Amino acid sequence: STPSGPHAGSGGGSSPDELVSINIYSLGILRDLKDKSLRTPLGAVFMPLKYASIGPVAFKMHGEGMSPTIKDGAILGVDYNSKDIIEGKAYVVKLPDGDAAVRRLFRGAGKVILKPDNPIFPEMTIDASLFREKGLVAGRIAWVAQELY
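Quick caveat, the model's predicted, so the values are computed rather than measured.

The rules we used
Residues numbered from 1 in each chain as written. Predicted model: local features only at pLDDT ≥ 70, side-chain atom pairs only at ≥ 80, totals over all residues. Heavy atoms only, no water. Helix = DSSP H or I, 4+ residues; strand = E, 2+ residues; numbered from the N terminus. Phe/Tyr/Trp six-rings, centres within 6.5 Å; stacked < 30°, edge-to-face > 60°. Lys NZ or Arg CZ within 6 Å of the ring centre and 35° of its normal. Salt bridge = Lys/Arg side-chain N within 4 Å of Asp/Glu carboxyl O. Pairing = 2+ DSSP bridges.

In this section: unusual backbone geometry. Of note, the bond from S67 into P68 is cis; its omega dihedral lies within 30 degrees of zero at 10°. Turning to its location among the elements, P68 is positioned in the loop between strand 3 (57-60) and strand 4 (75-79).

In this structure the tally under the stated criterion is zero aromatic pairs. When the ring centre of F106 is taken as origin, the NZ or CZ atom of K115, which lies over that ring, is 5.7 Å away.

Here we come to the pattern of salt bridges. In this structure the tally under the stated criterion is four salt bridges. For the salt bridge of D117 with R104, the shortest nitrogen-to-oxygen distance reads 2.7 Å. Note that D117 is positioned in the loop between strand 7 (111-115) and strand 8 (124-127) and R104 in strand 6 (residues 100-108), a separation of 13 residues in sequence.

Time to look at the pairing of strand 3. One ladder, built from three bridges, connects strand 1 (residues 19-26) with strand 3; its direction is parallel. If you follow Y25 over to strand 3, its bridge partner there is F59. Judged from the four bridges that link them, strand 3 and strand 4 form a sheet pairing that is antiparallel. Of the residues in strand 4, the one forming a bridge with F59 is L76.

Written out as structure tokens, the structure reads:
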């Protein structure tokens, strides 16, 4: 059988270089976690265990909002345990309209600023208390797999 899950094949003496399978999901799954049709993985990627442990869930980037840093179609490892904002780091965030996006987060006076890397996309400002209350951070981007050209 094919190994799966963040620690597949780790029969006790695992090394950080051991490859494990990580399921890839659409960012759309964050719109409605109860929608079973979105829970079906788009595929899987094999990554070293050290990456799987810091980014055990993977999403497929959709759109050019973080281009050229993160390209459309890139695979994103998300550390869903890292939700505290570190200035300038990239996060998967749930937008007030229900969509999900990848943006760099910054703190302002009583607000959180969601900034795309691509200058043709607008930045968004959300009230900090609403941001916390609604739990809009899904997790910090831990790793990215994409073509370089």
